[in-house]
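# Structural characterization, general
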Amino acid sequence: DERKYSDYSFMVEVPIDFDIIKRRFAMDYYTSIGSIVSDVRLMRDNSVKYNGAHEELSAFAAKAADDFVESLKKELGEHFLEMKEQEEALVPEAVVEAANERAAQTAKRVSRQRTMVSSLEQLPPP
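Let me begin by describing the structure that accompanies this report. (Residues numbered from 1 in each chain as written. Predicted model: local features only at pLDDT ≥ 70, side-chain atom pairs only at ≥ 80, totals over all residues. Heavy atoms only, no water.)

## Considering the pattern of salt bridges
- Taken as a whole and assessed by the stated rule, the structure comprises four salt bridges.
- One salt bridge in this structure joins Asp19 and Lys22, with 3.8 Å as the shortest N-O distance. Note that Asp19 and Lys22 are positioned in helix 2 (residues 18-26) at a spacing of three residues, about one turn of the helix.
- A residue is classified by how much of its surface remains accessible, and Asp19, at 44% relative accessible area, is partly exposed.
- The salt bridge involving Arg24 is made with Asp39; its shortest N-O contact spans 2.5 Å. With Arg24 in helix 2 and Asp39 in helix 3 (residues 33-51), the pair connects residues that are 15 residues apart, well separated along the chain.
- Judged by its relative accessible area of 10%, Asp39 falls in the buried class. (Salt bridge = Lys/Arg side-chain N within 4 Å of Asp/Glu carboxyl O. Helix = DSSP H or I, 4+ residues; strand = E, 2+ residues; numbered from the N terminus. Buried < 20%, exposed > 50% of the residue type's maximum accessible area, 1.4 Å probe, protein only.)

## Section: helix 2
- Regarding helix 2, its N-cap is Asp17, as a side-chain oxygen of that residue lies 3.0 Å from the backbone nitrogen of Asp19 further along.
- Asp28 occupies a position one or two residues after helix 2 and carries a positive phi of about 55 degrees. (Polar contact = N/O pair within 3.5 Å; in protein donor to acceptor, adjacent residues only side chain to side chain.)

What follows is the structure, given as structure tokens:
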């Protein structure tokens with residue numbers, strides 16, 4: 001609900017949920033195991049960014065992501081591990097670190113914005 005969670009788009013750069021993942025499956029969007037796993041983990045990471053690491057919803061998202069990856073591993077066996085290693089070799093660690101840094105900066109900016117809004121709400125009416 002965009003009205004209820006209006007600040008979500010400020011905190012989460014790339015929104016994703018199970019409905020988007022299911023639609024992508026239906027449209028044959030995914031071309032690799034890594035891209036599926038990345039979307040599932042992105043969903044988990046988005047929940048932690050928005051809700052906080054210790055919230056129940058984040059714990060649920062983390063468990064769902066872990067369960068999904070484990071089911072893929074069981075289904076594909078050794079082939080899964082080989083494919084994942086090949087895909088990880090394609091993304092330099094510096095790229096991942098830069099993305100994480102951008103996400104941290106965004107979270108700090110949103111936190112400052114929330115503080116400012118909270119301060120403004122404390123002001124007496126004109």
